[in-house]
2 protein chains.
Amino acid sequence: MKVNVADGMNYAPQGKPQPVVKPGEFIFSAAALDHGHIYGMTNGLLEAGGTLKYVYDKDPAKVAKFIETYPQAKAAASLEELLEDKETHMVAAAAVTSERCALGLRAMDAGKDYFTDKAPFTTLEQLAAARQKVKETGRKYMVYYSERLHVEGAILAGYMIDQGEIGKVVQVIGFGPHRLNAPSRPKWFFEKEKYGGILCDIGSHQIEQYLHFSGEEDAKVTMSRIANYNHPDYPELDDFGDCAITGAKGSTNYFRVDWFNPDGLRAWGDGRAFILGTDGYIEIRKNINVAADTLGGNHLFLVNGKGERYVDATGVTGYPFFGQLILDCLNRTENAMTQQHAFKAAELCLQAQAQAIDITRAGR
Amino acid sequence: MKVNVADGMNYAPQGKPQPVVKPGEFIFSAAALDHGHIYGMTNGLLEAGGTLKYVYDKDPAKVAKFIETYPQAKAAASLEELLEDKETHMVAAAAVTSERCALGLRAMDAGKDYFTDKAPFTTLEQLAAARQKVKETGRKYMVYYSERLHVEGAILAGYMIDQGEIGKVVQVIGFGPHRLNAPSRPKWFFEKEKYGGILCDIGSHQIEQYLHFSGEEDAKVTMSRIANYNHPDYPELDDFGDCAITGAKGSTNYFRVDWFNPDGLRAWGDGRAFILGTDGYIEIRKNINVAADTLGGNHLFLVNGKGERYVDATGVTGYPFFGQLILDCLNRTENAMTQQHAFKAAELCLQAQAQAIDITRAGR
């Protein structure tokens, strides 16, 4: 797996091809290339056997770069051409966050499943519209929660939990520090109406991961906080956020997300997850094992009654989400992720953002 | 440093002697040996040059064991004899938590400084009485917050923060998992009225540490939760607690404490602290570096603009608190810890416990 160490916006892991379909059996097109995650999404779908057909973005430079990476992609003349293509099963997209829903509604209206970068929404109204559209059309509105779906350490942790290695999960804690690298980021990234706030944005990974590891289907935001501690030039940037959630079945979650990844770290963020069970715990060092020799991610630590165990999960699990997603689209199943789960994670991150105590800025 | 790996109740580190006074210049006596921390407290005071005189407990077996460890100690015939001793400067004590304040008030009334195991109180009324008694008598009511004061990794972290290695501290996160080892613990340990609840008890370490690392003098509990997830035989035990605090200067704190340390871990608890600053962060693995070869604690990881750095802090700092405390008592200064700080940490842990959402038990 190659990992870009500069910043998370260009995190686009490559895995071993594990095709679940033959060429041409599942066709997808890429629309809206505003966030670099579109590359990770495309890699995942291609490795799972998907066939890439069209690409469209209003910015020809973004299209050119995309085609340079994926020469098989054909530039569509317009979004309409892409959406109206009869062969395309799925539209994969990484629009500006606030525009993700509108694009998804159009894709579903055109009969396509929709696969968007996280966060999938910036408002609860968008979420309600998407829920309604799913009901109307039967199409999927799936989300690329990359910090679990595209991290082998996290996939392996899920398997270990399923196998009972740590008993019943009582708590999930997540740290999601990210390198800001502000000059490299587009303007919309610093406009709250567009990116949605830190708990909505990178917090969405954390909440999805919590629901997955705990097996919770419903939960409530118990507390959330945001701040801009040290970026006065970007007043609408939340450079810090944290959140506590309580699950309907009684498990708890806490996470912190921030834009303080130090320049001296050899990775774009020292992401961690700590999963506490009644019989043991798991720690995942997602992107780096700080100050250890190995560069690379997916360091999993399992402690239970049997002892302490370290597993380098790189290359161990692959990324089963993408193949499952393709099969879900073809067979109308929900093995990769249920629609309910994808939307619940989105709902909670919107609620966390909306009710957050703003520590450093007035008016809250 | 020798560390007992069975459980934290017997955590009594030994360090290098760093005496600040000559024999006989600072005399202390030990009263109430209910918690094993009295051994850590005694070690610390002896290594700093303190002279141990009397020991008293109503249980002769506890006294005998104490004298076996410290043959210089003389069994007092009664608590009165110990308290009335003219030579004794300080009474060190680790009573049942709910009885710590009453003993402290008596010690201060007898003209002694008081050094108690944490938590120092189980109710806000006790805290108010102690604050009043300090005012009346001018004596000290000091607290053995061992998970910072007796952990060289934590002492070193404090020094690094003071030196500006991570910029301004914006958040402190702490994990305080502990091995329960229930059969080894006295009955009072499972009675909430006596031990005070998990946030009061082992949560107090966490809050003290937060105030210290962040430099906050005042703060508010933003959210707290407790649960008994998996110990139905001990219904008054909180086997889980967590808490979020917001400091008056704007920093934040989150901590989790629990009694789920797995049997397979080679230490009594994988205690961690994560200190996030504007220019870097520090992680302390206090007691063990999981699944790594080294057995022992004080693993400090510093990441900032200069890079990633690992320091094995064992033997690096010693435990300056005890020498400073002795000199504070002799010189009536506050270099080891201010009275205000010791009481503020206690106040917050009592508030956190009192307002905690109880996730698993009825009536809240």
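Above this text is the structure in question.
Heads up: these notes are all about the structure in this document. Keep in mind the model is a prediction, meaning the values are calculated, not measured.

About the thresholds
- Residues numbered from 1 in each chain as written.
- Chains lettered and ligands numbered in written order.
- Predicted model: local features only at pLDDT ≥ 70, side-chain atom pairs only at ≥ 80, totals over all residues.
- Heavy atoms only, no water.
- Patch = residues over 30% accessible without salt bridge, like charges linked within 9 Å, V, L, I, M, F, W, Y side chains within 5 Å.
- Areas by Shrake-Rupley, 256 points an atom, 1.4 Å probe, with all protein chains shown as cover.
- Salt bridge = Lys/Arg side-chain N within 4 Å of Asp/Glu carboxyl O.
- Helix = DSSP H or I, 4+ residues; strand = E, 2+ residues; numbered from the N terminus.
- Buried < 20%, exposed > 50% of the residue type's maximum accessible area, 1.4 Å probe, protein only.
- 1 Å grid on protein atoms, 1.4 Å probe; cavity = no way out; pocket = protein on both sides within 12 Å on 5 of 7 lines; lining within 4 Å.
- Points joined across faces, edges and corners; volume = space filled by probe spheres on them.
- Nonpolar A, V, L, I, M, F, W, Y, C, P; charged D, E, K, R; others polar.
- Contact = heavy atoms within 4.5 Å.
- Buried area = accessible area lost by both parts, 1.4 Å probe.
- Polar contact = N/O pair within 3.5 Å; in protein donor to acceptor, adjacent residues only side chain to side chain.
- Pairing = 2+ DSSP bridges.
- Axes fitted to C-alpha atoms, helices over the stretch in contact; angles between N-to-C directions.
- Least-squares fit on C-alpha atoms with pLDDT ≥ 70 in both.

1. Overview of a nonpolar patch on the surface
Residue and element names in this part refer to chain A.
Here's step 1: A cluster of nonpolar side chains, contributed by Val20, Leu327 and Leu330, occupies part of the molecular surface with about 190 Å² of accessible area.
Here's step 2: With respect to the element layout, Leu327 can be found in helix α10 (residues 320–331).
Here's step 3: For Leu327, a relative accessible area of 32% translates into the label partly exposed.

2. Re the pattern of salt bridges
Residue and element names in this part refer to chain B.
Here's step 1: Across all of its chains, the model carries 52 salt bridges over all chains by this definition.
Here's step 2: With a shortest N-O distance of 3.4 Å, Arg100 and Asp117 are connected by a salt bridge. Of this pair, Arg100 sits in helix α4 (residues 100–109) while Asp117 sits in strand β5 (residues 113–117), placing them 17 residues apart in sequence.
Here's step 3: Its relative accessible area of 1% is what places Arg100 among the buried residues.

3. Here we look at empty space enclosed by the protein
Residue and element names in this part refer to chain A.
Here's step 1: One pass over the structure, following the stated rule, counts 6 cavities of 30 Å³ or more.
Here's step 2: Counted as a void, the largest cavity has a volume near 130 Å³.
Here's step 3: In terms of lining residues, the largest cavity is bounded by 20 residues, among which His35, His37, Lys118, His178 and Ile202 are the most central.
Here's step 4: When the residues that make up the lining of the largest cavity are grouped by side-chain class, the tally is 8 nonpolar, 7 polar and 5 charged.

4. Thoughts on the interface of chain B and chain A
Here's step 1: Counting residues at the interface gives 52 residues for chain B and 53 residues for chain A.
Here's step 2: Note on chain B versus chain A: buried area summed over both sides is about 3900 Å², and carbon and sulfur give 63% of it.
Here's step 3: When the buried area of chain B at its contact with chain A is split by residue, B:Arg225, B:Tyr281 and B:Glu308 rank highest and sum to 15% of it.
Here's step 4: For the interface between chain B and chain A, the tally reads 4 salt bridges.
Here's step 5: Of the charged contacts, one joins A:Glu283 and B:Arg272 as a salt bridge, the two residues approaching to 2.6 Å between their closest N and O atoms.
Here's step 6: Counting across the interface, chain B meets chain A through 22 residue pairs in polar contact (both at pLDDT 80 or more).

5. Some details on the layout of surface pockets
Here's step 1: The calculated volume of the largest pocket comes to roughly 450 Å³.
Here's step 2: In this structure, the largest pocket is lined by 24 residues; those nearest its centre are A:Arg148, A:His212, A:Asn335, A:Ala336 and A:Met337.
Here's step 3: At the level of elements, α6 (146–149), α7 (152–162), α9 (203–214), α10 and α11 (339–354) of chain A are the ones that each hand at least two residues to the lining of the largest pocket.
Here's step 4: A total of 5 residues in the lining of the largest pocket trace back to one element, the largest contributor, which is α7(A).
Here's step 5: Grouping the amino acids of the lining of the largest pocket by side-chain chemistry returns 9 nonpolar, 8 polar and 7 charged.
Here's step 6: Along the wall of the second largest pocket there are 22 residues; nearest its centre are B:Arg148, B:His212, B:Asn335, B:Ala336 and B:Met337.
Here's step 7: Elements supplying a minimum of two residues to the lining of the second largest pocket: α6 (146–149), α7 (152–162), α9 (203–214), α10 (320–331) and α11 (339–354) of chain B.
Here's step 8: Among the elements that make up the lining of the second largest pocket, the one with the highest residue count is α7(B) (5 residues).
Here's step 9: Split by residue class, the lining of the second largest pocket holds 9 nonpolar, 7 polar and 6 charged.

6. Let's talk about the sheet that holds strand β7 (residues 169–177) of chain A
Sheet strands associate in pairs through backbone hydrogen bonding, adopting either a parallel or an antiparallel arrangement.
Residues and elements named next belong to chain A.
Here's step 1: Ordered by their spatial adjacency, 9 strands build an open sheet running β14-β13-β12-β11-β7-β10-β9-β8-β15, and the pairing between neighbours is mixed. The sheet terminates laterally at β14 (307–312) and β15 (357–358), the two strands that pair on one side only.
Here's step 2: As defined by bridge partners, strand β12 (residues 280–285) adjoins strand β13 (residues 299–304) across 6 bridges and the pair is classed as antiparallel. By the bridge assignment, Tyr281 is partnered in β13 with Val303.
Here's step 3: Packed on one face of the sheet, α7 meets β7, β11 (272–277), β12, β13 and β14 and runs near 170 degrees to β12.
Here's step 4: Against the sheet, α9 engages β7, β8 (219–227), β9 (240–247), β10 (252–258), β11 and β12, with an angle of about 160 degrees to β7.

7. Comments concerning the relation of the copies chain B and chain A
Here's step 1: Least-squares fitting of chain B to chain A yields an RMSD of 0.0 Å, with the transformation described by 0.0 Å of translation along the axis and a rotation of 180 degrees. Considering both components of the superposition, the chain copies are consistent with a two-fold axis. The C-alpha atom lying nearest the rotation axis in chain B is that of B:Met223; the distance is 3.3 Å.
Here's step 2: Both copies contact each other with a shared surface, as 100% of the interface residues of chain B are interface residues in chain A too.

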